[in-house]
Amino acid sequence: MFARRIAVVGTGYVGLTTGACLASLGHRVICADVDEKKIERLRSGEIGIREDGLAELVSEGVAAGRLSFVVGAAAALDELEREGGRVEVMFLCVPTPMGVGGIADLAAVEAVIEEVRDALPAGVVVVNKSTVPVGTAVRTAELLERDDVVVVSNPEFLREGSAVHDFLNPDRIVVGSSSQDAAERVAALYARLGAPMVLTDAASSEMIKYAANCFLAMKLSYVNAIAELCERLDADVVDVTEGIGYDKRIGQAFLSPGPGWGGSCLPKDTHALLQVADSADFEFRLLRATIDTNTRQYQRMVDKIRSAVTGKRTGSLTRERIALLGLTFKAGTDDLRDSPALGVAALLKQAGADLVAYDPGVSADASTIEPTLLTVADDAYVAAKDADAIVILTEWPEFRALEWTRLRELVGRPIVVDTRNLLDPAVVQRAGFTWVGVGRTMRGALHASF
Ligand code: UGA
């Protein structure tokens, strides 16, 4: 006996994770996508997304008969009906890119609505899971033109790379609707997870998603600014963040300085909320400063690299060969969207540097990176050959395990700029390198005793 009959439309990382996880909670889930090839691949067990635990969950769901894949949203409804039931909840997990003036481009939502409008049974709940501007639930309901169908906002808080873990261990579930009954029905889908539930109206629910991501971005820009100040005042940012993080109101998470924050969510969402604030005639200075601090962070990393390599704060890096370790926006993904590593690389290139990069998630053959920007190498040792500096840009754990004595033999000059404070400086220094971190004192970095 299945708990609920659910259609999930869109099999990107949000849709597929949602579908597979809801199936693992005991629901009957049919995932639909317009891309026939993708559905074919999913049916043969190829998930095409780098997500811990997702492939296993998909195959368990399929084997248990709780999860299947079809082409098109209407086919998902038909299939459920053929099984003797009717769809009870339909999740919309299709792309909603930001259009002009901060308004979401709802073309994909519109296409799905068009396809299912007449086929949706009365009483079904349509759930918007994609990150959408405030007001989209109302807009979706208008597009649907069905008084007997309720649209609910239920934002996701999944991090790329740990989406399955985040889905199954949520800090909270947020459901927004004008209908309490519909909100409660959606909340009940997650009952087994035992998370706190925030039931609210749709606009507040949509706002929660933006407010959360913008707060996270602000926290990171703040910590990057504190790291810069630590450098000027000879304080150690790792000790400082540990010291503030014990305050439960601040928390230890999301306090690591780096080359800037990026990815497919924080940059998009901060810009979107700023645009929305502008059009609501609200000058959101704090958010603007959050974004500006992040853009400056790329340049600050370049200044740091320049001064480590040339001893000067300004000037050219012409003919300096820089090995970049890490290109993805964070470790554990193959995602290059809005990656700070690429932002730093572009500025280094502008300053005249020759760039060779290695990233465990980016294959040299299949890389989509412009070859005029940098060359992608097959391993870190090839990238480091004759380099004037090695720069760590993404926090891949495997970089810690590199043979630094071997790298010392390969490089032109033994300099490591560690923009993620990833490495153990004692190991790197023992191999003969100069190590430069972010916001760190050597005393703190080497755990020197008082
Ligand atoms: C982010 C949010 O964390 C999720 O809660 C949200 O659901 C998701 O966006 C989304 O809107 O879909 P994600 O984009 O996967 O998740 O990435 P994060 O893990 O948040 O990292 C964002 C950036 O901050 C990365 O560039 C990362 O390297 C950087 N970061 C993170 C730091 O520089 N320091 C930290 O301490 C943490």
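Scope of this entry: the structure provided in the associated data block. Treat the numbers as computed from the prediction; the structure is a model and nothing was measured.

Analysis parameters
Residues numbered from 1 in each chain as written. Predicted model: local features only at pLDDT ≥ 70, side-chain atom pairs only at ≥ 80, totals over all residues. Heavy atoms only, no water. Helix = DSSP H or I, 4+ residues; strand = E, 2+ residues; numbered from the N terminus. Buried < 20%, exposed > 50% of the residue type's maximum accessible area, 1.4 Å probe, protein only. Contact = heavy atoms within 4.5 Å. Areas by Shrake-Rupley, 256 points an atom, 1.4 Å probe, with all protein chains shown as cover. Lys, Arg positive; Asp, Glu negative; His and termini not counted. Charge placed at Lys NZ, Arg CZ, Asp CG, Glu CD. Disulfide = S-S within 2.5 Å. Near = heavy atom within 4 Å. Polar contact = N/O pair within 3.5 Å; in protein donor to acceptor, adjacent residues only side chain to side chain. Phe/Tyr/Trp six-rings, centres within 6.5 Å; stacked < 30°, edge-to-face > 60°. Lys NZ or Arg CZ within 6 Å of the ring centre and 35° of its normal. Core = buried A, V, L, I, M, F, W, Y, C linked by side-chain atoms within 4.5 Å. Pairing = 2+ DSSP bridges. Axes fitted to C-alpha atoms, helices over the stretch in contact; angles between N-to-C directions.

Here we take up the overall build of the protein. Within the protein, the secondary structure is distributed over 17 helices and 14 strands. C-alpha extents for the protein along the principal axes are approximately 70 × 50 × 40 Å. Of all 450 residues assigned to the protein, the portion counted as buried reaches 53%. Restricting to contacts in the protein with at least 6 residues of sequence separation, those with at least 24 account for 71%. Here the protein has roughly 20,300 Å² of accessible surface; of this, 52% comes from carbon and sulfur atoms. With 47 positive and 62 negative side-chain charges, the protein shows a spacing of 5 Å between the two charge centroids.

All right, on to the state of the cysteines then. With the rule as written, the count across this model stands at zero disulfides. Free cysteine: Cys31, not disulfide-bonded; nearest cysteine sulfur from Cys93 at 8.2 Å. Take Cys31: its relative accessible area is 0%, and that puts it in the buried class.

Residues in close proximity to the ligand total 20 residues, the closest being Glu160, Lys209, Asn213, Ser256 and Arg420. Between the ligand and Leu158, the relevant distance is 2.9 Å, taken from an oxygen atom to a main-chain nitrogen or oxygen of the residue. One of the side-chain N or O atoms of Asn213 is found 2.8 Å from an oxygen atom in the ligand. Notes on the ligand: free accessible area 710 Å², of which the protein chains cover 92%.

Now for the packing of aromatic side chains. The final tally for this structure, using the stated rule, is four aromatic pairs. Aromatic side chains Phe282 and Phe284 sit 5.4 Å apart centroid to centroid with 55° between the ring planes, which places their arrangement in the tilted category. Aromatic pair Trp404 and Phe433: ring centres 5.4 Å apart, planes at 90°, arrangement edge-to-face. Of the two residues, Trp404 is situated in helix 15 (residues 404-410) and Phe433 in the loop between helix 16 (425-430) and strand 14 (434-436); the sequence distance between them amounts to 29 residues. Overall, the relative accessible area of 3% leaves Trp404 in the buried class. For the cation-ring pair, Arg172 lies above Phe157, with the distance from its terminal atom to the ring centre recorded as 3.5 Å.

Okay, the environment of Lys37 next. Tracing the backbone through its elements, the reader meets Lys37 in helix 2 (residues 36-43). The exposure class assigned to Lys37 is exposed, which follows from its relative accessible area of 59%. In the structure, Lys37 is positioned 34 residues away from Val71 in sequence and 9.2 Å away in space, judged by C-alpha atoms.

Let us now look at the environment of Gly361. By secondary structure assignment, the location of Gly361 is in the loop between strand 10 (354-358) and strand 11 (375-376). Excluding its chain neighbours within four sequence positions, the residues that come into contact with Gly361 are Arg50, Thr333, Asp334 and Trp396.

Turning to unusual backbone geometry, a few remarks are in order. Residues apart from glycine generally show negative phi values, whereas peptide bonds are mostly found in trans. Positive phi is not limited to glycine here, since Asp281 has a value of about 60°. As for its placement among the helices and strands, Asp281 is situated in the loop between helix 11 (266-279) and helix 12 (285-310). Here Asp281 falls in the exposed class, since its relative accessible area comes to 73%. Despite not being glycine, Asp386 shows a phi value in the positive range, around 60°. Tracing the chain through its elements places Asp386 in the loop between helix 14 (380-384) and strand 12 (389-392). The class for Asp386 is partly exposed, based on a relative accessible area of 42%.

To continue, consider the nonpolar core. Counting residues in each nonpolar core, the largest one holds 40 residues, and the members touching the most others are Leu22, Phe91 and Tyr190. Beyond its immediate sequence surroundings of up to four residues, Leu22 is in contact with Ile6, His27, Val29, Phe91, Phe167, Leu189 and Tyr190. Counting residues in hydrophobic clusters, the runner-up holds 34 residues, among them Ala351, Leu355, Ala357 and Ile369.

Before going further, it helps to examine the sheet that holds strand 12. If you walk across this open sheet you meet the six strands as 11-10-9-12-13-14, and the pairing is parallel. Two strands in the sheet have a free side with no partner beyond their single neighbour: strand 11 and strand 14. Where strand 13 (residues 415-418) meets strand 14, three bridges bridge the pair, whose relative direction is parallel. Bridging from a neighbouring strand, Val416 pairs with Trp435 of strand 14. Most of the contacts of helix 12 go to strand 13, to which it runs at about 165°, and overall it touches strand 9 (321-325), strand 12, strand 13 and strand 14. In the packing of helix 13 (residues 340-350) onto the sheet, contacts are made with strand 9 and strand 10, and the angle to strand 10 comes to roughly 155°.

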